[in-house]
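Given next are the chains, with one letter for each unit.
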Amino acid sequence: MNFTHQQDQMDCGPACLSMIASFYKKNYSLRFLRDHSFISREGVSLLGITEAAQRIGFETVSAQLTVEELQEMQLPCILHWNKNHFVVLSKISTNSFTKKKLFTIADPGHGFISLNQEKFNKAWFSDANTGVALFLEPTEEFYKKIPQKIEKLSVKYILSYLIPYKKKFILLFFMLLLGSGLTLIFPFLTQSLIDNGVNKKNMSFITLILLAQLGLFLGSITIEIIRNSIMLFVGTKISITIISDYLKKILNLSVQFFDSKMTGDFAQRIQDNEKIEHFLTSQSLVTFFSMMTFSVFFGVLWYYDFKILEVYLILTILSIAWSFYWLRKRKVLDYFHFQQRSENQESILEIINGVTEMKLNQFEDFKRNEWEKIQQKLFRTNIRILKLDQFQLSGFEFLNQLKNILVTFLAASYVVKGSMSLGQLLSVSYIIGQMNAPINQLITFFRSLQEAKLSLERLNEVQNHPDEEEERLMKLDTVNSKSPILGIMFEHVNFQYEGPKSPYILKNINLFVPEGKITAIVGSSGSGKTTLMKLLLKFYTPTTGSIFYNSNNIHDISPKSIRQSCGVVMQDGFIFSDTIERNIATGDESINDEKLKMAVKIANIENFIEALPLKYNTKIGASGNGISGGQKQRILIARAVYKNPHYIFFDEATSALDAENEKIIHDNLQEFFKGKTVVIIAHRLSTVKNADNIIVLKDGEIVENGNHQELVSNRASYFNLVKNQLELGN
């Protein structure tokens, strides 16, 4: 069974399924399994793993059973672990000395671990003496299926970032070549200094050689300064390009992609990009020229004595092999380190963003303790990395010193025998010192390469994810549509967030939103109102059924063009850490003052802005810190109005406003709504009673449809929603 690491905090389920598929000789990509496991930001469910397993041809049985019953079942299987995680139980064995049971676990976040029964029970049991397990049996269909080819970004992809800087690299190449040439002269100068200067007591020659060494040293320093400047310039530019491309890519992905990701995962991936940049600029070229230097000194050492070279090579190969052995073990720890650092970032961001609520609810100690637990996990991983590095470095250094002593001993014996001069001995010692540096550089290079490849694997998941925008998609036509039906149509729309067996959020929605009219959607919390709006914006696609804009299927329309034609206020609308005018005129490079003032007037926030010292240039904090909930909503309304769009979608857009402000904005919007197609989600009667049509949702279904008077007369669901506001009684 191949071990699969989870690449994100929520990937444990798909990673377990990938391991079990590999046990039966099929290799499925983590992304494919993740896409069919219906992961949300809360993680993956056993139901989601079952759906993905059945998709690739497994027959599945989930059960809650005792350890004794588990021992009789076919392995490997997936276990629900610590009530918030999934692992693979690969083997149950008996310790030959203690005769106690040992459970071998493949944990996607920690690697292979062996546990005694007490520790196993503690982690697996979900109640007194039973735990949950998922058993998978491959069917004939499993063996017939051909896994989708796993597309991987190659090293060639990351090397493509070097192409725009060809001239800089040619100069860098020349500088490093010149530096290597200068270094090559030093051993011969050392030999001449001893043999022709010191031994012959020629002070003029000694002075000349020392001046030559000083000149070469100054030349090397100058070359290194120029080289470092070029490296800094190229490295910074490449770093900006890599991270910019990454941000561009993730911004081209669908909203659904972000639903299963934690903020810490994205922050950690940006650091991954920095590792790739470090590998490209700081390691690749330097290692290349270090090996060139090594090759030159290799030839010089061969020229001096082959037996010395032979001893040097044998011990060098041994030291490299030793380092590679430990580097392979380090690979696993790097994965764990990534996960824990991601958790750490997430925890810190949550503490900073939630500080007000934490103080209000005395949640500080709990969250701080949670953070400390993450630090303990990080500490244990860092200790493991330190121990491994110490083993690797100590062994490498020991073999290096042994090599230096043996080479010096051989050279010294040659001097004693008279077959080598003292100058040659010092020259050999200098050469050995110079050859050791490239070997150290080579080990560092392979470590950096390993980290870059791990980073590339995590980057691969994002880069190979399909963009939301596709060339085949048409633009939304809102003006000159020749469609016989003008408006938005829902036909038998059903929607689920988490796969075929999860609850339906929307059920059999048949709805027409006429062009140029105001349609209101009401219903209790959790009835599916916001989800319906997100389907309109193509944040999600219907599970079944179709949505049409002027007879054009939303499936064939560019999501970007839909959103460009919509002015939207969502319940959780975001205020950026920027000026008020930039928060309103978000999409315009140059702000249209006339449109800005009109939007501010309609949103009734003009007096608030004019009272500020910097007026429209006043900067407000991230997520709207420093302004009230009502002011935030008015800025969001102004943002939607500024676009002057054809479609207006408001989701509880005035819920935080007082009655006076709400009435003023409501009256201002009536004129603005003329000729536009408007969909309003609201609880307040004052917001919806003048709508041309009111849709009543209950448990994801449309239960009523009509105008205010008709629905009140029905005395059904709508009447019950608004009777307290109307004081109609029974």
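So, a few notes on the structure that sits alongside this text. All figures in this text were calculated on a predicted structure; none of them were measured in a lab.

Considering the overall build of the protein
And step 1. When its secondary structure is counted, the protein shows 25 helices and 18 strands.
And step 2. Taken across its 730 residues, the protein has 48% of its residues classed as buried.
And step 3. Counting only contacts in the protein whose residues sit at least 6 apart along the sequence, the fraction spanning at least 24 positions is 74%.
And step 4. Roughly 37000 Å² of accessible area belongs to the protein as shown, and the carbon and sulfur atoms make up 56% of that amount.

Quick notes on the packing of aromatic side chains
And step 1. One pass over the structure, following the stated rule, counts 19 aromatic pairs.
And step 2. Plain terms: the ring middles of Phe 3 and Phe 112 are 5.4 Å apart, the flat faces sit at 50° to each other, and that makes the pair tilted. Here Phe 112 lies in strand β5 (residues 111-116) and Phe 3 lies in the segment before α1 (12-23), a separation of 109 residues in the sequence.
And step 3. For Phe 112, a relative accessible area of 46% gives the class partly exposed.
And step 4. Aromatic side chains Phe 142 and Tyr 143 sit 5.2 Å apart centroid to centroid with 85° between the ring planes, which places their arrangement in the edge-to-face category.

Description of unusual backbone geometry
And step 1. For the bond from Leu 75 to Pro 76, the omega torsion is 5°, close enough to zero to count as cis.
And step 2. With respect to the helices and strands, the residue Pro 76 is situated in the loop between α4 (67-70) and β2 (77-81).
And step 3. Positive phi is not limited to glycine here, since Lys 538 has a value of about 60°.
And step 4. One can find Lys 538 in the loop between α16 (529-536) and β10 (544-549).
And step 5. Judged by its relative accessible area of 14%, Lys 538 is buried.

Remarks on the packing of helix α19 (residues 593-602) against helix α21 (residues 629-642)
And step 1. Between α19 and α21, whose axes approach to 8 Å, the crossing angle comes to 135°. As summarised for this structure, α19 and α21 are arranged oblique, according to the angle between their axes. For α19 against α21, the interelement crossing comes out right-handed. For the pair formed by α19 and α21, the contact residues are Lys 595, Leu 596, Met 598, Ala 599, Val 600 and Ile 602 on the first element and Ala 638, Val 641 and Tyr 642 on the second.
And step 2. A class-by-class count of the residues in the contact of α19 with α21 yields 8 nonpolar, no polar and 1 charged.

Focus: the environment of Asp 305
And step 1. Assignment of secondary structure puts Asp 305 in the loop between α11 (263-304) and α12 (306-353).
And step 2. In the structure, Asp 305 is positioned 105 residues away from Leu 410 in sequence and 9.9 Å away in space, judged by C-alpha atoms.

Re the side chain of Ser 22
And step 1. Inspection of the secondary structure puts Ser 22 in helix α1.
And step 2. Residue Ser 22 is classed as buried on the basis of its relative accessible area, which comes to 9%.
And step 3. A polar side-chain atom of Ser 22 sits 2.6 Å from the main-chain carbonyl oxygen of Met 19.
And step 4. Residues contacting Ser 22, with those up to four places away along its chain left out, are Met 1, Asn 2 and Asn 27.

Criteria and thresholds
- Residues numbered from 1 in each chain as written.
- Predicted model: local features only at pLDDT ≥ 70, side-chain atom pairs only at ≥ 80, totals over all residues.
- Heavy atoms only, no water.
- Helix = DSSP H or I, 4+ residues; strand = E, 2+ residues; numbered from the N terminus.
- Buried < 20%, exposed > 50% of the residue type's maximum accessible area, 1.4 Å probe, protein only.
- Contact = heavy atoms within 4.5 Å.
- Areas by Shrake-Rupley, 256 points an atom, 1.4 Å probe, with all protein chains shown as cover.
- Phe/Tyr/Trp six-rings, centres within 6.5 Å; stacked < 30°, edge-to-face > 60°.
- Axes fitted to C-alpha atoms, helices over the stretch in contact; angles between N-to-C directions.
- Parallel < 35°, antiparallel > 145°, perpendicular 65-115°, else oblique.
- Left-handed = near helix turned anticlockwise from the far one by under 90°.
- Nonpolar A, V, L, I, M, F, W, Y, C, P; charged D, E, K, R; others polar.
- Polar contact = N/O pair within 3.5 Å; in protein donor to acceptor, adjacent residues only side chain to side chain.

By themselves, these figures tell us nothing about what the structure is for.
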